[in-house]
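Understanding the architecture of this molecule
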Amino acid sequence: MSKVVKFGGSSLADAKQFKKVADIINADPERVYVVPSAPGKRFKDDTKVTDLLYQCYERVLTGEDFAKAFAPVRERYDGIIKDLGLSFDLNEDYVKIGKDFRSGATRDYAASRGEYLNGKILAHVLGYEFVDAANGIFFDSKGEFDADITNACLGAILEKTPKAVIPGFYGALPDGSIKTFSRGGSDFTGSVVAKAAGASLYENWTDVSGFLVADPRIVKNPAGIEVITYSELRELSYMGAGVLHEDAIFPVRSANIPINIKNTNAPEDKGTLIVPTADSNTKYLVTGIAGKKDFSVISIEKDRMNSESGFMRRLLQVLENHSVFPEHMPTGIDTISVVVNSKELDGQRDKLAQRLKDVVRPDHFEIIDGLALIAVVGRGMKSKKGTATRVFAALSHADINIRMIDQGSSELNIIVGIDEKDFDKAIRVIYDMFILSEQ
């Protein structure tokens, strides 16, 4: 039995946090593979080390001396080492990074050094072996993550390494140069390591005790989610529930490895367990409520649209040609509403509208802005009658007009479109209907 544990930037922001992390790892002998992020903010107006590295890179590009540009980064790491009382330094690594910067290192390389250096310190603190992610995590020539080669190579390394620290956020291209994942990519690294190691559990440690049923900025003291399925998490993450990088579930999902979201500052809390499947006998009928603003509706009406061969194909082709991607497409016999991210219309709204009119020749065409989408997600909804009725009743009683309704065949979620001005109010009344009324 082995566990992979990933710690976010806030969990490793300073020496005090390092000590908490070391205590957590040492408290469980099954926590044998550790994935660290770069140090995050120590206080509200602080700067993350990754951002300091980006700044350093830009300053060196404009001709500033590396030592001067790198000084804020070095100060952070040397401060952590000093406060931990370690007889250890990163001087050789600083020299190597300086040489690489001067010889034209990439922006990805610069950003990755945050996790790399933090991993070096954490491995020393724990007495674990340091495994450079560039030696076991790989991208193909197009810059896409190579899951098969990574799983084979990293698995072989970990099989010979009982305890290791593997930095998050980056890997290597075929030519050996560094390539980073997107922001939040350390979550993905942890998932990749868990699959390669054949772990029994992937623990993702952050500064919150798991997922909440609703956004605490909107709902006061919302209930926590104890168990959630991968499918439910995907729905909520898509709608903005951002505790875990949404791509992080895919490697462990394919290997049926559960994820436990835990709080570094409250390790005794259960957190949220993310599992492949779970029964529908949940504490609350609804697992989570989440939403996003800034959507637009492309509304098209045309008589006999449903019997016009190729209509949908032509419509979608125009959208694809303009890099506009439908979020939802509720339809009627003679109508279709295409919900899109409003930002995708920037700079091409009139051109796109004209092209759609030319291609599909609608009887009526309109683009409506100011739409917000709210997803009510829960695996328990499938076995209960009247869930949609309760959603609509909650909104109706609050005098909130529903402009769009969409429900997938899995009955895992119900999505409603409303005016942006009603967004917070809608979240609160739905929460009251399904959570407060059941407490």
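Report on the accompanying structure. Everything numeric here is computed off the predicted structure, so don't read it as measured data. (Residues numbered from 1 in each chain as written. Predicted model: local features only at pLDDT ≥ 70, side-chain atom pairs only at ≥ 80, totals over all residues. Heavy atoms only, no water.)

Section: the side chain of asparagine 413
Structurally, asparagine 413 is set in strand β15 (residues 413-419). Sequence-distant contacts of asparagine 413, defined by excluding residues within four places in its chain, comprise Glu235, Val376, Val377, Met381, Asp406, Gln407 and Gly408. (Helix = DSSP H or I, 4+ residues; strand = E, 2+ residues; numbered from the N terminus. Contact = heavy atoms within 4.5 Å.)

Digging into the pattern of salt bridges
Under the defined criterion, the tally for this structure stands at 19 salt bridges. Between lysine 3 and glutamate 203 there is a salt bridge, with its nearest N and O atoms 3.9 Å apart. Of the two residues, lysine 3 sits in strand β1 (residues 3-7) while glutamate 203 sits in strand β7 (residues 201-206), which places them 200 residues apart along the sequence. Accessibility expressed as a relative area gives 14% for lysine 3, which makes it buried. Linking arginine 74 and aspartate 78 is a salt bridge whose minimum nitrogen-to-oxygen distance equals 3.4 Å. Here the residue arginine 74 and the residue aspartate 78 both occupy positions in helix α3 (residues 66-84), the gap between them amounting to four residues, near one helical turn. (Salt bridge = Lys/Arg side-chain N within 4 Å of Asp/Glu carboxyl O. Buried < 20%, exposed > 50% of the residue type's maximum accessible area, 1.4 Å probe, protein only.)

Some words on the packing of α3 against helix α5 (residues 107-126)
As a packed pair, α3 and α5 sit with axes 11 Å apart at the nearest point and diverge in direction by 15°. As far as their axial angle goes, α5 and α3 are roughly parallel. Relative to α5, the crossing made by α3 is right-handed. Residues Phe70, Tyr77, Ile80, Ile81 and Leu84 of α3 form the contact with α5, whose participating residues are Arg113, Gly114, Leu117, Asn118, Ile121 and Val125. Residue composition of the contact of α3 with α5, grouped by class: eight nonpolar, two polar and one charged. (Axes fitted to C-alpha atoms, helices over the stretch in contact; angles between N-to-C directions. Parallel < 35°, antiparallel > 145°, perpendicular 65-115°, else oblique. Left-handed = near helix turned anticlockwise from the far one by under 90°. Nonpolar A, V, L, I, M, F, W, Y, C, P; charged D, E, K, R; others polar.)

Quick look at the sheet that holds strand β3 (residues 129-130)
Sheet architecture is open: eight strands sit in the order β3-β4-β2-β1-β7-β9-β10-β8, paired in mixed fashion. In this open sheet, the two edge strands, each paired with only one partner strand, are β3 and β8 (227-229). With two bridges joining them, β3 and strand β4 (residues 164-165) adopt parallel strand pairing. Its bridge partner lying in β4, glutamate 129 is registered against alanine 164. (Pairing = 2+ DSSP bridges.)

With respect to the packing of helix α4 (residues 91-102) against α5
One can describe the packing of α4 onto α5 by two numbers: an axis separation of 12 Å at closest approach and a directional angle of 170°. Between α4 and α5, the angle is such that the two are roughly antiparallel. Contact with α4, carried on its side by Asp93, Tyr94, Lys96, Ile97, Asp100 and Phe101, involves Tyr109, Ala110, Arg113, Tyr116, Leu117 and Lys120 of α5 and no other residues of that element. The residue makeup of the contact of α4 with α5, split by class, is seven nonpolar, no polar and five charged.

Focus: the sheet that holds strand β12 (residues 335-341)
The five strands lie next to each other as β12-β11-β13-β15-β14, forming an open sheet whose pairing is antiparallel. Strand pairing shows two members of the sheet lacking a second neighbour, β12 and β14 (402-407), which therefore form its edges. Sheet twist, expressed as the average angle between the axes of neighbouring strands with direction ignored, equals 35°. Pairing analysis gives eleven bridges linking strand β11 (residues 288-301) to strand β13 (residues 364-377), with the strands arranged antiparallel. What sits directly across from glycine 288, in β13, is valine 377. Running at roughly 125° to β11, helix α13 (residues 423-434) makes contact with β11, β13 and β15 of the sheet.

Considerations on helix α8 (residues 230-238)
Those residues of α8 lying buried are Tyr230, Glu232, Leu233, Leu236 and Ser237. Buried residues of α8 fall within an arc of 155° about the axis and therefore sit on the same side. In this structure, the buried residues of α8 make contact with β8, α9 (249-254), β9 (259-263), β10 (272-275), β11 and β13. Where α8 ends, the next residue or the one after it, glycine 240, has phi of about 105°, a positive value. (Arc of directions from axis to C-beta.)

Digging into the packing of aromatic side chains
Counted under the stated rule, the structure contains twelve aromatic pairs. Here the guanidinium or amino end of lysine 120 rests over the ring plane of phenylalanine 130, the centre of that ring lying 5.4 Å away. Sitting above the plane of the phenylalanine 139 ring, lysine 179 keeps its charged end 5.3 Å from the centroid. (Phe/Tyr/Trp six-rings, centres within 6.5 Å; stacked < 30°, edge-to-face > 60°. Lys NZ or Arg CZ within 6 Å of the ring centre and 35° of its normal.)

Observations concerning a negative patch on the surface
Together, Glu301, Asp303, Asp363 and Glu366 line one region of the surface with negative charge. With respect to the element layout, aspartate 303 can be found in the loop between β11 and α10 (311-321). (Patch = residues over 30% accessible without salt bridge, like charges linked within 9 Å, V, L, I, M, F, W, Y side chains within 5 Å. Areas by Shrake-Rupley, 256 points an atom, 1.4 Å probe, with all protein chains shown as cover. Lys, Arg positive; Asp, Glu negative; His and termini not counted. Charge placed at Lys NZ, Arg CZ, Asp CG, Glu CD.)

Topic: the environment of lysine 16
Here lysine 16 shows up in helix α1 (residues 15-26). For lysine 16 and isoleucine 80, which are 64 residues apart along the polypeptide, the C-alpha to C-alpha distance reads 8.7 Å.

A word on the pairing of β11
Among the 14 residues that make up β11, ten are buried, leaving the element largely enclosed by the rest of the structure. Examined bridge by bridge, β11 and β12 share seven bridges and lie antiparallel to one another. Across the sheet, serine 299 pairs through a bridge with serine 337, a residue of β12.

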